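# Structure assessment
Listed below, chain by chain, are the residues.
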Amino acid sequence: MKTYKLSIVAVLLLVLVNASTTKVAAQELKGNISISGAFALYPITVKWAEEFKKLHPGVKIDIQAGGAGKGITDVLSKVTDIGLVSRDLNAAENKKGAFPVAVTKDAVIPTISSASPYRKVLYERGVRKDAFNNIFITGKYKTWNAIGFKSEAPIHVYTRSDAAGAAETWAKYFGKKQEDLLGVAVFGDPGLAQAVKRDPNGIGFNNIVYIYDMKTNKATNGVVPVPIDLNNNGKLDPDENFYGTVDELIAAIVAGKYPSPPARDLYYVTVGKPSNPIVKEFIKYILTTGQQYVTEAGYIKFSKEKLGKELEKVK
């Protein structure tokens, strides 16, 4: 009987020691992480940071949006620990030591105001890629009748003023660069969405998370996607109409129905392979436990193989 009581005491002590050790281990990670860059990655990065800090209360994470250009500039000049970049890196950036780790995926979507008088018909016809090219690149299409509407109203084109991954990726869809995009330049993803929202004759482009409300799963933020007529037959076929909810759109991107670009990978960039233990743990967390928040936040989760490949980069 005495031995039995001692065993229980021993077990209780062991549990208390383990709990204390776990608590200490969770708090051992202390320090700061500074992050800046792409608006596309900002919302999910905020979520990841919040959840990571619950596990590691001693870690402080400062996050600033400002566009992919700011992200890559800040990290390469060592102003920040991590740059959020929503486009592929170029040779010059790689030469300076940029080390990209893909963490999730999204897409750039053409947008109009939810109050647009052309909305209903656009969802019957869609818009061909060459028509988008003549709106955003060549400037050949200046009025809405150029794409089949009985309207002389001008097409008000909006683009990004900041060096943006979204703009670079949308331009890449036409084989061009951000500098080739026409339109009134607006700062940031939220700013561009607001400009288009306020203009029934406007057209622009946004990342998924600035179009859809993640609570309703629908485009209720004042802008709606402009559907792409992928087979150029002058109508939006059922298998091309996947914009009703964010889940439908994500499924279309995963299935490869939505073109890439403008679908694209999103990156955390460091200078060289990350050596700072806090930065390493944060990125490792994102590629493992943190992936549970990706879909609900409106992003596309990578396959296990892809996640494993990216995880190897930071081990």
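Up top is the structure these notes are about.
Here goes a summary of the coordinates provided. (Residues numbered from 1 in each chain as written. Predicted model: local features only at pLDDT ≥ 70, side-chain atom pairs only at ≥ 80, totals over all residues. Heavy atoms only, no water.)

What follows covers the nonpolar core. Within the largest apolar cluster, 52 residues are counted, with the highest numbers of intra-cluster contacts made by Phe136 and Tyr258. Elements represented by at least two residues in this core include exactly strand 4 (98-113), helix 6 (129-136), strand 5 (156-160), helix 7 (165-172), helix 8 (189-197), strand 7 (202-207), strand 8 (223-225) and helix 9 (246-254). Here this core gets five residues from one element, more than from any other, and that element is helix 9. When near neighbours in sequence (up to four residues on either side) are disregarded, Phe136 contacts Val157, Tyr158, Trp170, Asp180, Leu181, Leu182, Ile203, Gly204 and Phe205. By size, the runner-up hydrophobic cluster in this structure holds 46 residues, among which are Val59, Ile63, Ile82 and Ala102. (Core = buried A, V, L, I, M, F, W, Y, C linked by side-chain atoms within 4.5 Å. Buried < 20%, exposed > 50% of the residue type's maximum accessible area, 1.4 Å probe, protein only. Helix = DSSP H or I, 4+ residues; strand = E, 2+ residues; numbered from the N terminus. Contact = heavy atoms within 4.5 Å.)

On to the environment of Ala49. By the element assignment, Ala49 lies in helix 2 (residues 42-55). Residues Ala49 and Lys60 lie 11 residues apart in sequence; the distance between their C-alpha atoms is 8.7 Å. When neighbours within four sequence positions are excluded, Ala49 is seen to be in contact with Ile61, Ile63 and Phe282.

What follows deals with helix 11 (residues 304-314). Residues of helix 11 that are buried: Leu307, Glu310, Leu311 and Val314. Viewed along the axis of helix 11, the buried residues span an arc of 105°, placing them on a single side of the element. Summarising the geometry of helix 11, the exposed residues directed more than 90 degrees from the buried face are Glu305, Lys309 and Glu312. Residues of helix 11 that are buried in the fold lie against strand 4 and helix 10 (277-286). (Arc of directions from axis to C-beta.)

In this structure the tally under the stated criterion is 17 aromatic pairs. For the ring pair Trp170 and Phe174, a centre distance of 5.2 Å and an interplane angle of 85° mean the geometry is edge-to-face. According to the relative accessible area criterion, Trp170 is buried, its value standing at 0%. Following the ring pairs from residue to residue traces out a cluster consisting of Phe132, Phe136, Trp170, Tyr173, Phe174 and Phe205. Directly above the aromatic system of Phe149 lies the positively charged group of Arg125, at a separation of 5.3 Å from the ring centroid. Positioned over the ring face of Phe302 is Lys306, at 5.1 Å from the centre of the ring. (Phe/Tyr/Trp six-rings, centres within 6.5 Å; stacked < 30°, edge-to-face > 60°. Lys NZ or Arg CZ within 6 Å of the ring centre and 35° of its normal.)

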